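Next come the chains, spelled out residue by residue.
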Amino acid sequence: MLLNRRKVRIDTDRLVLRPPVHSDFREWVCLRSASANFLVPWEPVWAATHLTRKSFTNRVYWAQRSINNDSAMPLFLERRRDEILLGAITLDNIRRGPSQAGTLGYWIGADYARQGYMREAIEAVVHHSFQRMDLSRIEAACLPENQASRGVLEKSGFKYEGVAQSYLQINGRWRTHVLYAALRGDRRGRTSAG
């Protein structure tokens, strides 16, 4: 099932998950800037132009194209009660055919961490992916020492699957990641591996 940009909106109890729009620029820059120390250790190096309007405009156009061609679903997390931008979640690298899978990535502003927002967003995106997009597998990876990310994945039903050496460049270095996956109709039991 191909995504339709006008219909990609996921509502939860506390959140609206929706594609970014041009008018989000100022709020996005403020949130990313205020959370830089919190985010930088876990992300690729920010380009010198990371927080520019042009870079954000490119991000919005990429989101629109990705949704329209069913290759990714980049969404902003907006708190329902006051429409405050909290972070973002992206289902990327959507593969069809025999795979029916995608890769999950996410970030949240420092002031909104550890309040259950990301778990709510992850569970909503996984549900949407399985029920509306007919995907079978959602993958995620994080740094082994990122206990918060590991915890939110595990609490959201993801299971540890292994280690990928030099998986991504994070904060300027190739870093090993731990791999997790959620499967539609998962019959795997809980595991303490990893």
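Residues numbered from 1 in each chain as written. Predicted model: local features only at pLDDT ≥ 70, side-chain atom pairs only at ≥ 80, totals over all residues. Heavy atoms only, no water.

A. Representation of the sheet that holds strand β1 (residues 10–11) within the structure. If you trace the 8 strands from one edge of the open sheet to the other, you get β1-β2-β3-β4-β5-β6-β8-β7, paired in mixed fashion. The open sheet is flanked by β1 and β7 (159–170), the only strands paired with a single partner. Against the sheet, helix α3 (residues 53–68) contacts β3 (73–79) and β4 (85–95), and its axis sits at roughly 115° relative to β3. (Pairing = 2+ DSSP bridges. Helix = DSSP H or I, 4+ residues; strand = E, 2+ residues; numbered from the N terminus. Contact = heavy atoms within 4.5 Å. Axes fitted to C-alpha atoms, helices over the stretch in contact; angles between N-to-C directions.)

B. Broad picture of the nonpolar core. Of all hydrophobic cores here, the largest spans 49 residues; its most connected members are L17, I89, I122, V125 and F158. For this core, the element with the highest residue contribution is helix α4 (residues 117–131), accounting for 8 residues. Those residues within four positions of L17 in sequence are excluded, and the remaining contacts are V8, R9, I10, L75, F76, L77, A121, A124 and V125. (Core = buried A, V, L, I, M, F, W, Y, C linked by side-chain atoms within 4.5 Å. Buried < 20%, exposed > 50% of the residue type's maximum accessible area, 1.4 Å probe, protein only.)

C. Main features of the packing of helix α1 (residues 25–34) against α3. At a closest axis distance of 11 Å, the pairing of α1 and α3 adopts a crossing angle of 110°. Relative to α3, the element α1 is oriented roughly perpendicular. α3 is crossed by α1, and the crossing has right-handed handedness. In this structure, α1 contributes F25, R26 and W28 to the contact, and α3 contributes R53, F56 and R59. Its residues assigned to classes, the contact of α1 with α3 shows 3 nonpolar, no polar and 3 charged. (Parallel < 35°, antiparallel > 145°, perpendicular 65-115°, else oblique. Left-handed = near helix turned anticlockwise from the far one by under 90°. Nonpolar A, V, L, I, M, F, W, Y, C, P; charged D, E, K, R; others polar.)

D. Summary view of the environment of N37. In this fold, N37 is placed in helix α2 (residues 36–39). A residue is classified by how much of its surface remains accessible, and N37, at 74% relative accessible area, is exposed. Taking the C-alpha atoms as reference points, N37 and R9, separated by 28 residues in sequence, lie 30 Å from one another.

E. Structural detail: the pairing of strand β6 (residues 137–142). Residues I138, A140 and C142 of β6 are buried on one face, while the alternating residues R137, E139 and A141, pointing to the opposite face, are not. Here strand β5 (residues 101–108) runs beside β6; their pairing, made up of 4 bridges, is parallel. Bridge pairing in β6 places T103 opposite E139. Of the crossover connections in this fold, the one passing from β5 over α4 to the parallel β6 is right-handed. Here 6 bridges tie β6 to strand β8 (residues 173–183), and the two strands are oriented antiparallel to one another. By the bridge assignment for β8, E139 is matched with A181. (Right-handed = clockwise from strand over helix to strand, strands pointing away.)

F. Broad picture of unusual backbone geometry. A positive phi angle is found at E83, which is not glycine, with a value near 60°. By the secondary structure assignment, E83 is in the loop between β3 and β4. In this model, N171 sits at a positive phi of 50°, which is unusual for a non-glycine residue.

G. Representation of the side chain of Q100. If you trace the backbone, Q100 turns up in the loop between β4 and β5. Leave out the neighbours within four places in its chain, and Q100 touches R95, D134, L135, S136 and R137.

H. Structural detail: the environment of S99. Note on placement: S99 falls in the loop between β4 and β5. Taking C-alpha positions, S99 is 27 Å from I170, a pair spaced 71 residues apart along the chain.

I. Representation of the environment of G105 within the structure. Relative to the helices and strands, G105 resides in strand β5. Residue class for G105 comes out partly exposed when judged on its relative accessible area of 31%. Through-space distance from the C-alpha of G105 to that of E139 is 9.0 Å; in sequence the pair is 34 residues apart. Beyond its immediate sequence surroundings of up to four residues, G105 is in contact with A88, I89 and T90.

J. Quick look at α3. Between its first and last C-alpha, α3 extends 23 Å over 16 residues, near the 22 Å set by a 1.5 Å rise per residue. Residues of α3 that are buried include every one of S55, F56, V60, A63, S66 and I67, and no others. What you see down the axis of α3 is that its buried residues fit within an arc of 145°, all on one side. In this structure, α3 carries K54 and R65 as exposed residues pointing more than 90 degrees from its buried face. Of the surrounding secondary structure, the elements contacted by the buried residues of α3 are α1 and β3. Remark: D70 follows α3 within two positions and exhibits a positive phi of approximately 60°. (Expected span 1.5 Å × (residues − 1). Arc of directions from axis to C-beta.)

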